[in-house]
Amino acid sequence: MSRRRVPQKVLNDIGRERIDILLGLAVEAVREDRPERARRYVEIAKRIGAKTQVPLPPDVAICKGCGV
């Protein structure tokens, strides 16, 4: 049996959606004074972006030092 391949466009759309959700959660976590949680959300969003080859949105500011 052969496996079906998901089209790259669909993967990109899913990746973009998940990145947007995670970055929104990171913003909420920073507002609630939970930097560790925000750092984790950003880390996961970066991994999804790398795996699906979708860049992070340019309007989102992420600290290069602490990752929040």
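Residues numbered from 1 in each chain as written. Predicted model: local features only at pLDDT ≥ 70, side-chain atom pairs only at ≥ 80, totals over all residues. Heavy atoms only, no water.

**Some words on the environment of G15**
- Within the element layout of this structure, G15 appears in helix α1 (residues 8-31).
- Owing to a relative accessible area of 2%, G15 belongs among the buried residues under this scheme.
- The sequence separation of G15 and A45 amounts to 30 residues, and the corresponding C-alpha distance is 8.7 Å.
- Excluding anything up to four places from it in sequence, G15 contacts I48 and T52. (Helix = DSSP H or I, 4+ residues; strand = E, 2+ residues; numbered from the N terminus. Buried < 20%, exposed > 50% of the residue type's maximum accessible area, 1.4 Å probe, protein only. Contact = heavy atoms within 4.5 Å.)

**Notes on the side chain of T52**
- Note that T52 resides in helix α2 (residues 35-52).
- Using a relative accessible area of 14% as the deciding quantity, one classes T52 as buried.
- Engagement of the side chain of T52 in a polar contact is seen with the backbone oxygen of I48, the distance being 2.8 Å.
- Beyond its immediate sequence surroundings of up to four residues, T52 is in contact with Q8, L11, N12 and G15. (Polar contact = N/O pair within 3.5 Å; in protein donor to acceptor, adjacent residues only side chain to side chain.)

**Things to note about α2**
- The end-to-end C-alpha distance of α2, which contains 18 residues, comes to 26 Å, matching closely the 26 Å that a straight helix rising 1.5 Å per residue would cover.
- Buried residues of α2: A38, V42, A45, G49 and T52, and no others. Taken around the axis of α2, the buried residues stretch over an arc of 105°, which confines them to a single face. The outward face of α2, more than 90 degrees from its buried face, is lined by the exposed residues E36, A50 and K51.
- Residue Q53 follows α2 closely and has a positive phi angle near 60°. (Expected span 1.5 Å × (residues − 1). Arc of directions from axis to C-beta.)

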